[in-house]
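Letter by letter, the chains look like this.
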Amino acid sequence: MSTLDSDAPVETMWEGRFITAKRQGRWEYVSRSRGIRAAVILAIDDGHVLLVEQYRVPLGKNCVELPAGLVGDHDDDSDEDASLAAVRELEEETGYHAEVIEDCGEFYSSPGMVSESFSLFKADGLTKVSEGGGVEGENITVHRIALEALGEFIDKKRTEGTAIDVKLLLLLQPK
């Protein structure tokens, strides 16, 4: 009789600073190291959504995404509150400050391959406080796109060879 995958021991195959490759039974998957989590921010202001575009090494090209960042990724702040990280990341990446941040819950983007979850936050009461662009080395381009023009924007970016993050499906309506 074979052991169920869920009952098999977890084996760490490799561990780096931010990710860990694991095996459990027949499954191989990746998790975040040290309990690091992610915060994703849905920021809509006056009928426009804030998006970021940046080069993603695993894809080998730029990707258009909702603003996001790691929670507790600094050794000196591993207990960081996810809502505070969301406010911080929104400002760093887009240059907008949120007066109100609402926790919309925990989600999983690729549960067959990655154990990582992210907390989705809705940002309201936005005020532009800087140019954004991320911290040193991130080279983020900020896009403020009218919701009714989002489909056209995504089509244009795809034509340019840009990847589109699956979370943008939140904003696309059937035609």
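The structure under discussion appears in the preceding block.
A brief look at the structure comes next.

## Some details on the overall build of the protein
When its secondary structure is counted, the protein shows two helices and eleven strands. Counting from the amino terminus, the protein carries its helices and strands in the arrangement β-β-β-β-β-β-β-α-β-β-β-α-β. Projected onto the principal axes, the alpha-carbon positions of the protein cover approximately 60 × 40 × 30 Å. Expressed as a percentage of the 175 residues in the protein, the buried residues total 38%.

## Topic: the pairing of strand E2 (residues 19-24)
With five bridges connecting them, strand E1 (residues 10-15) and E2 associate as antiparallel partners. Of the residues in E2, the one forming a bridge with Glu15 is Thr20. What sits between the antiparallel neighbours E1 and E2 is a turn of three residues. Two strands pair when backbone bridges link them, and E2 and strand E3 (residues 27-32) are joined in this way by six bridges, in the antiparallel orientation.

## Details of helix H1 (residues 82-94)
Its 13 residues give H1 an end-to-end C-alpha distance of 18 Å, which sits within 8% of 18 Å, the value for a rise of 1.5 Å per residue. Listed as buried for H1 are Ala82, Ala85, Ala86, Val87, Glu89, Leu90, Glu93 and Thr94. Of the surrounding secondary structure, the elements contacted by the buried residues of H1 are strand E4 (37-45), strand E5 (48-56), strand E7 (68-71), strand E8 (96-108), strand E9 (117-128) and strand E10 (141-146). The positive-phi residue at the C-terminal boundary of H1 is Gly95, with phi of around 85 degrees.

## Side note on a nonpolar patch on the surface
Residues Met13, Trp14 and Ile19 make up a contiguous nonpolar surface patch of roughly 300 Å² in combined accessible area. Within the secondary structure layout, Trp14 lies in strand E1.

## Considering unusual backbone geometry
Backbone geometry places Asp46, a non-glycine residue, at a positive phi of 50 degrees. Along the chain, Asp46 turns up in the loop between E4 and E5. Accessibility expressed as a relative area gives 68% for Asp46, which makes it exposed. Residue Asn139 is not a glycine yet carries a positive backbone phi of 55 degrees. Within the fold, Asn139 resides in the loop between E9 and E10.

## As for the pairing of E5
Pairing geometry for E4 and E5, over two bridges, is antiparallel. Among the inter-strand pairings, Asp45 is bridged to a residue of E5, identified as His48. Here E4 folds back onto E5, and the loop between the two strands holds two residues, one of which, Asp46, carries a positive phi near 50 degrees. Where E5 lies against strand E6 (residues 61-65), five bridges are found, and the strand directions are antiparallel. Bridged to Val52 within E6 is Glu65. With antiparallel pairing between neighbouring strands as the criterion, E5 and E6 make up a hairpin whose turn holds four residues, including Gly60 at a positive phi of roughly 70 degrees.

Calculation notes
- Residues numbered from 1 in each chain as written.
- Predicted model: local features only at pLDDT ≥ 70, side-chain atom pairs only at ≥ 80, totals over all residues.
- Heavy atoms only, no water.
- Helix = DSSP H or I, 4+ residues; strand = E, 2+ residues; numbered from the N terminus.
- Buried < 20%, exposed > 50% of the residue type's maximum accessible area, 1.4 Å probe, protein only.
- Pairing = 2+ DSSP bridges.
- Expected span 1.5 Å × (residues − 1).
- Contact = heavy atoms within 4.5 Å.
- Patch = residues over 30% accessible without salt bridge, like charges linked within 9 Å, V, L, I, M, F, W, Y side chains within 5 Å.
- Areas by Shrake-Rupley, 256 points an atom, 1.4 Å probe, with all protein chains shown as cover.
- Salt bridge = Lys/Arg side-chain N within 4 Å of Asp/Glu carboxyl O.

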